[in-house]
Amino acid sequence: MTQNYANRPYLPDPATAPELFEGVLTRRVIAYLIDLAIMGCLVLAAFLVGGILGFLTFGLAWAALVFVVPGVVVAYYAITLGSSRRATVGMQMTDIVLTPTRGQPLDGWMAILHALLFWVTFWISWPISLAFALFTPRRQMIHDLIVGTLMVRHSPMIRHWQHARSAPSY
């Protein structure tokens, strides 16, 4: 699989900047598990509040609990990925960041779309989604390619972009 990376100079090349992609797939899996634990705690807290409110509203709040899990997941990704850090709590802990590849800014809507496609592709066939990342040069998963994002290591990325800005452009 050879690609001409010169056509997309704003994307880092795995051949010239391997430190950006070192261990990204393992870090993504660990970040996913951390985020699952955090979202689980948030959902549990929302269910506890909803359960108490259900008694106070004679059961009306219990009907709203159906929307709690999707609401918590969407809010978590929109707030964390859509922020200036471009990373969930798990991603921050594993030193990875989500970067757009098509020159557009990464906002809350793009973060929600990325998360939605992640959950759809991952839950339909997680082995294919993970295997797909093993065979792409930048370790992108299916939803990354569809949305136009790239997951890279955060600390080497800062050094890479500082070096790229100081290098002469042609």
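The paragraphs below set out a description of the structure included in this document.

How each quantity is defined
- Residues numbered from 1 in each chain as written.
- Predicted model: local features only at pLDDT ≥ 70, side-chain atom pairs only at ≥ 80, totals over all residues.
- Heavy atoms only, no water.
- Helix = DSSP H or I, 4+ residues; strand = E, 2+ residues; numbered from the N terminus.
- Buried < 20%, exposed > 50% of the residue type's maximum accessible area, 1.4 Å probe, protein only.
- Contact = heavy atoms within 4.5 Å.
- Phe/Tyr/Trp six-rings, centres within 6.5 Å; stacked < 30°, edge-to-face > 60°.
- Axes fitted to C-alpha atoms, helices over the stretch in contact; angles between N-to-C directions.
- Parallel < 35°, antiparallel > 145°, perpendicular 65-115°, else oblique.
- Nonpolar A, V, L, I, M, F, W, Y, C, P; charged D, E, K, R; others polar.

1. Comments concerning the overall build of the chain
Helices and strands together make up the secondary structure of the chain, namely eight helices and two strands. Mapped in sequence order, the helices and strands of the chain form the string α-α-α-α-β-α-α-α-β-α. In the chain, which comprises 170 residues, the proportion classed as buried is 40%. Of the contacts formed within the chain by residues at least 6 apart in sequence, a portion of 70% connects residues at least 24 apart.

2. Let's talk about the packing of aromatic side chains
Counted by the stated rule, this structure contains nine aromatic pairs. Both rings, one in Tyr 32 and one in Phe 118, keep their centres 5.5 Å apart while their planes meet at 65°; by these two values the pair is edge-to-face. With Tyr 32 in helix α1 (residues 24-56) and Phe 118 in helix α5 (residues 108-124), the pair connects residues that are 86 residues apart, well separated along the chain. Comparing Tyr 32 with Phe 118, the two get one shared label, buried. Measuring from ring centre to ring centre gives 5.0 Å for Phe 118 and Phe 122, while their planes differ by 25°; the resulting arrangement is stacked. Highlighted residues: Phe 118 and Phe 122, both in helix α5, separated by four residues, approximately one helical turn. In this structure Phe 118 comes out as buried when scored by relative accessible area, which is 10%.

3. Things to note about the packing of α5 against helix α6 (residues 126-134)
Between α5 and α6, the shortest axis-to-axis distance is 5 Å and the interhelical angle comes to 110°. Here α6 runs roughly perpendicular to α5, going by the angle between their axes. Residues Thr 121, Phe 122 and Ile 124 of α5 lie in contact with α6, whose contacting residues are Trp 126, Ser 129 and Leu 130. When its residues are assigned to classes, the contact of α5 with α6 shows four nonpolar, two polar and no charged.

4. Observations concerning the side chain of Ser 129
Tracing the sequence through the fold places Ser 129 in helix α6. In this view, Ser 129 contacts Thr 121, Phe 122, Met 141 and Ile 142; residues no more than four positions away in its chain are not counted.

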